[in-house]
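# Working through the structure, step by step
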Amino acid sequence: MMEVEGSNTSMNRSPQSSFVRSKALYQFKQQKLPACKPVLTPTSVITVFMLMGFVFIPIGFVTLRASRDAIEIVDRYDVECIPEEYRTNKLSYITDSSILKNCTRYLKVQKFMKAPIFIYYQLDNYYQNHRRYVKSRSDQQLLHGQEYSHTSACEPEESSNGLPIVPCGLIAWSMFNDTFTFTRESAKLKVSRSNIAWKSDREHKFGKDVYPFNFQNGSLIGGAKLDPKVPLSDQEDFIVWMRAAALLSFRKLYGRIEEDLEPGNVVVVNLMNNYNTYSFSGQKKLILSTSSWLGGRNDFLGITYLVVGASSIIISIIFMLLHLKNPRPYGDNSWNKKSLSS
Amino acid sequence: EALIDEITDKMERDLILLGATAVEDKLQNGVPECIDKLAQAGIKIWVLTGDKMETAINIGFASSLLRQEMKQIIINLETPHIKSLEKSGIKDEIELASRESVVKQIEEGRALLAASGASSEAFALIIDGKSLTYALEDEIKKTFLDLATGCASVICCRSSPKQKALVTRLVKSGTGKTTLAIGDGANDVGMLQEADIGVGISGVEGMQAVMSSDIAIAQFRYLERLLLVHGHWCYSRISSMICYFFYKNITFGVTIFLYEAYTSFSAQPAYNDWFLSLFNVFFSSLPVIALGVFDQDVSARFCYKFPLLYQEGVQNILFSWKRIIGWMFNGFISALAIFFLCKESLKHQLFDPNGKTAGWEVLGGTMYTCIVWVVNLQMALSISYFTWIQHIVIWGSIALWYIFLMIYGAMSPSFSTDAYMVFLEALAPAPSYWLTTLFVMIFALIPYFIYKSVQMRFFPVYHQMIQWIRYEGHSNDPEFVEMVRQRSIRPTTVGYTARRAASVRREDRFYDQFHNDLVAF
């Protein structure tokens, strides 16, 4: 009895559902699907532009304020940190490893800067996004160390004196090696150099038991030397440098000042001007910047939001005036006039 | 013979007449309406048949190809002179005389055509198979074609299958226009193969026509739907699809090209390898396919109502160079907007509150997100027909991009290299990423939006006019519809609409005459 009922009900149900399904299929095949066919009426156009204006202008104000909240101190030091006698021959100065290249810069704080204050070094005219440069690394070697030997992409910085270089490649070889120490009124500022790289880099891309080996041992020194006793996953400067920059003017995070800076403070920066950007007329800058909820100081987004918001309101007003002034003609059929002659 | 006649004469006497039967080879259903619609769409219709001249003329009247006041130019070889020559049987003389007669008749016809000039008097050309053999000869066929294209309708009767094919070829190569041949019997096969499009009607006379045709339909009247609805849709879909393909690839490629200017042209792509490969597969392909297969700029009902929409295809309005270059230009400026806006807003400052600066992956990820949004929103802006299919593919492609970023980013770094965790760790938590994306996707679409709204409001194209009519609810208002239709300048001379219009004209003339008489009085 139960079985028969069950089959009865299932039979009752399936014609229903198959009817619905076949109706949908019929509509699909006959191209008669229920459709929404919006028309771009003047009302909707004006509404859209108005809406855009009223949404963009507040966003623009908020964004601009956030950007203005972030305070930045920019200091270009590569020209002035060369002593007078070497100004005409910068290249010989920078490549001479016997000269001590320390330099002192004074940064005056104009506004109150709240901790943490981020320290960046900026390089200009530096193509860290050049294809040959970007390819010149071995991710597997960074993760596994010397066991991984297919490092031909790292040419010519693959091996020196017959021994493999860890980490290999041009990116590693050209690591930035200027150093900065910060003092304020002869008291050293607390600078944190950890946690500056991406977390996923530290944990998954650079091996915890991979140590630098045979690094910067060749005749051409490109940049920094790495401590062979520290594993790569802890060498945060190195990790930050290995992330290729997007454009030819870029900043990389150096560290964080964990104290507030008052207006009027003078921060004394003792830096070692080691890195050679003179052979390709690059520029080096030191940046101190605070961050707002949005990020650093860049007025561009805020200003463009405001400009576009304002223009869209203007456009909507113009469109409304034009729409009210001209009655709509019933279409332009002049294209069909051609047919008379054919 | 004679004996049988004698006996039947003896038998068939004093019979009571019960009735009479006749067999009529009827026209199919809906043929006059179909011909009327096609004529309104600006399609010229010729009849090539094997029937004799009277039958063909009757069919012409039944299907409104011929009208009472149309001047009929008849070319045949039934003059007594030629008949007597045929009886005599001298081949050369018959040929000479026949050819001369055909040429003379063609010339007379052309003179008649030239004399009437621009008046709305329509002409019909009726030519039979025998004369057709001479008219299709190389020296004469050009003048024959001139005469035939000047007439509103052409009927070739008693034509053999070979002549049908030859006439089709003559029209195709002589006028350079697209020809469509429709037929249902084995004698139409040559014509069907010769024409640009061969349509076979399956049914009564077997399947030979169907087997040698490009398209098979069941009845003649389905030709109306085939041409006016599917023909128009196909044209509009394909032209939109091709223009959009160029647009989206130019948008994508130009951003990469612009980035090269900042990498000293070293061919470093702006995006991760898999991003590059999958752009045209996952993130922007389905909406275009949906556009090319399902889009309807005007619904079927309106395609029937406004047959002149078909001329959009004939005159290549939707695929003109202007439109193609316009779409490419749109792609170019979208790419410019995307690239420079992303570059400037993610410059070298820190882009998130934790101090990270925007590296290559971040810039690439942001630009790619903007491109996927812009390209899909552009699709949503440019179509005006949304079913659940379009919604799924457009919004789905965008959602797929985010899902892909997350999944790809979660794969081991040896596979995903530089895109490892780029979304979850760097992009998603940064408000500047979302703000930049929002701004760029709206900004890149503003030019097209302005263009389309201005066009729709001030200079609508024919199918947009029809969209307005539907939107404003005037579609059932016959006066309105007539006014829109009347703005077509092409006068129709064939079909019952033309017949009605001509009779209205006749009545008007009569009343004018009447009034003139009264006034004179």
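These figures come from a predicted structure and were not determined experimentally. (Residues numbered from 1 in each chain as written. Chains lettered and ligands numbered in written order. Predicted model: local features only at pLDDT ≥ 70, side-chain atom pairs only at ≥ 80, totals over all residues. Heavy atoms only, no water.)

## Here's the deal with the overall build of chain A
The following threshold applies: Here a strand is any run of E in DSSP of at least two residues, a helix any run of H or I of at least four, and the numbering for each starts at the N terminus. When we talk radius of gyration, it's over C-alpha atoms, and the globule rule is simply 2.2 Å times the number of residues to the 0.38. We call two residues in contact whenever any of their non-hydrogen atoms come within 4.5 Å of each other.
Counting its secondary structure elements, chain A contains 10 helices and 11 strands. A globule of 342 residues ought to have a C-alpha radius of gyration of about 20 Å, yet chain A, at 32 Å, is considerably larger. Its C-alpha atoms give chain A principal-axis dimensions of about 90 × 70 × 60 Å. For chain A, the share of sequence-separated contacts (at least 6 apart) that also reach a separation of at least 24 residues comes to 82%.

## A look at the overall build of chain B
Which entries qualify depends on this criterion: Relative accessibility decides the category of a residue: with a 1.4 Å probe and only protein chains considered, values under 20% of the type maximum give buried, values over 50% give exposed, and everything between is partly exposed. Positive charges come from Lys and Arg, negative ones from Asp and Glu, while His and the chain ends are left out of the count. Note on charges: their place is set at NZ of Lys, CZ of Arg, CG of Asp or CD of Glu.
A tally of helices and strands in chain B yields 25 helices and seven strands. In terms of C-alpha radius of gyration, chain B reaches 33 Å, well past the compact-globule figure of 24 Å for 521 residues. With the principal axes as the frame, chain B shows a C-alpha extent of 120 × 70 × 55 Å. Out of the 521 residues belonging to chain B, those deemed buried represent 50%. The long-range fraction of contacts in chain B, counting pairs at least 24 apart against all pairs at least 6 apart in sequence, stands at 72%. For chain B, the distance from the average position of its 45 positive side-chain charges to the average position of its 52 negative side-chain charges is 5 Å.

## So, the packing of helix α2 (residues 42-69) of chain A against helix α21 (residues 431-443) of chain B
Note the cut-off: Interaxial angles span 0 to 180 degrees and are taken between N-to-C directions of axes, which are lines fitted to C-alpha atoms, for helices over the stretch in contact. Should the near helix be turned anticlockwise from the far one by less than a right angle, the crossing is termed left-handed; should it be turned clockwise, right-handed. Residues are grouped as follows: nonpolar covers Ala, Val, Leu, Ile, Met, Phe, Trp, Tyr, Cys and Pro; charged covers Asp, Glu, Lys and Arg; every other residue, Gly included, is treated as polar.
Where α2(A) contacts α21(B), the axes come no closer than 13 Å and their chain directions differ by 145 degrees. Of the two possible hands of crossing, α2(A) and α21(B) adopt the one that is left-handed. When α2(A) is examined against α21(B), the residues Met52(A), Phe56(A), Ile59(A) and Thr63(A) are found in contact with a partner set consisting of Leu435(B), Leu438(B), Phe439(B) and Ile442(B). Grouping the amino acids of the contact of α2(A) with α21(B) by side-chain chemistry returns seven nonpolar, one polar and no charged.

## Here we look at the sheet that holds strand β3 (residues 117-124) of chain A
All names here are of chain A. Counted only if it meets this: Strands were regarded as paired on the criterion that DSSP finds at least two bridges between them.
In spatial order, the strands read β1-β11-β3-β9-β8; together these five strands make up an open sheet with antiparallel pairing. Edge positions in the sheet fall to β1 (72-76) and β8 (191-192), since each has one partner strand and no second. Direction of pairing for β3 relative to strand β9 (residues 250-257): antiparallel, over a ladder of seven bridges. Within the sheet, the bridge partner assigned to Tyr 120 lies in β9 and is Leu 253.

## Digging into the UniProt feature "transmembrane region" (unreviewed entry) in chain A
Residues and elements named next belong to chain A. Our working rule: UniProt positions are given in the numbering used here, feature names are shortened, and annotations may be inferred rather than shown by experiment.
The UniProt record annotates "transmembrane region" (unreviewed entry) at residues 44-64 and 300-322. The span residues 44-64 shows a helical share of 100% and a strand share of 0%, and its end C-alpha atoms are spaced 29 Å apart. Each end of residues 300-322 is marked by a C-alpha atom, and these two atoms are 32 Å apart; helix forms 100% of the span and strand 0%.

## Looking at the state of the cysteines
What we call a disulfide is simply a covalent bond connecting the sulfur atoms of a pair of cysteines. All names here are of chain A. We count it as follows: For the purposes of this analysis, a disulfide is any pair of cysteine sulfur atoms at a distance within 2.5 Å.
All chains considered together, the criterion is met by two disulfides over all chains. Note on cysteine connectivity: Cys 81 is disulfide-linked to Cys 103, with sulfurs 1.8 Å apart. For the disulfide bridge between Cys 81 and Cys 103, the dihedral angle about the S-S bond is near -70 degrees, and by the sign convention the bridge is left-handed. Pair noted here: Cys 81 is in the loop between β1 and α3 (90-95) and Cys 103 is in strand β2 (residues 102-108), with a separation of 22 residues, a long-range link.

## Quick word on the nonpolar core
In plain terms, the rule: Here, the term nonpolar core denotes a set of buried Ala, Val, Leu, Ile, Met, Phe, Trp, Tyr and Cys residues that are joined through side-chain atoms within 4.5 Å.
Grouped together as the largest cluster of nonpolar side chains are 92 residues, with contacts concentrated most on Tyr244(B), Tyr259(B), Tyr271(B), Phe275(B), Val362(B), Tyr368(B) and Trp401(B). Ranked by the residues each element gives to this core, the list is headed by helix α17 (residues 360-382) of chain B, at 14 residues. The residues touching Tyr259(B), leaving out its near neighbours within four places in the chain, are Asn129(A), Ala245(A), Ala246(A), Leu247(A), Gln268(B), Pro269(B), Ala270(B), Phe339(B), Trp360(B) and Leu363(B). Tyr120(A), Tyr121(A), Val240(A) and Val269(A) belong to the second largest nonpolar core, which has 53 residues in total.

## Some details on the domain arrangement of chain B
Residues and elements named next belong to chain B. Here is the rule we go by: Domain ranges listed in this record stem from an automatic or a database domain assignment. Any Lys or Arg side-chain nitrogen found within 4 Å of a carboxyl oxygen on Asp or Glu counts as a salt bridge.
Taken as a whole, chain B is organised into domain 1 (26-225) and domain 2 (226-483). Taking the mean C-alpha position of each, domain 1 and domain 2 sit 49 Å from one another. Counting from both sides, the interface comprises 13 residues of domain 1 and, opposite them, 11 residues of domain 2. If you look at where domain 1 meets domain 2, you find zero salt bridges.

## Quick look at the sheet that holds strand β4 (residues 153-157) of chain B
Strand pairs in the sheet, formed through backbone hydrogen bonds, run parallel or antiparallel to each other. Residues and elements named next belong to chain B. Overall, parallel pairing links the four strands, which are arranged β1-β4-β3-β2 in an open sheet. Two strands close off the open sheet at either side, each with one partner strand: β1 (46-48) and β2 (71-75). Sheet twist, expressed as the mean angle between neighbouring strand axes with direction ignored, is 10 degrees. Note that β2 and strand β3 (residues 123-128) share five bridges and pair parallel.

## A short note on the interface of chain B and chain A
Defined as follows: Take the accessible area each of two parts loses on contact, using a 1.4 Å probe, and add the two losses: that sum is the buried area. Any pair of nitrogen or oxygen atoms within 3.5 Å is treated as a polar contact; in protein, a donor-acceptor pairing is required on top of that, and neighbouring residues in sequence qualify only through side-chain atoms on both sides.
The interface of chain B with chain A comprises 91 residues on the first partner and 81 residues on the second. In total, chain B and chain A occlude about 7500 Å² of area from one another, counting both sides; carbon and sulfur atoms represent 65% of this. Together, His348(B), Phe439(B) and Arg457(B) form the three largest contributors to the area buried by chain B at its contact with chain A, with a combined 10%. For the pair chain B and chain A, the number of links is one salt bridge. In this structure, Glu361(B) and Arg243(A) form a salt bridge, with 2.8 Å as the shortest nitrogen-oxygen distance. Between chain B and chain A we count 17 residue pairs in polar contact (both at pLDDT 80 or more) in total.

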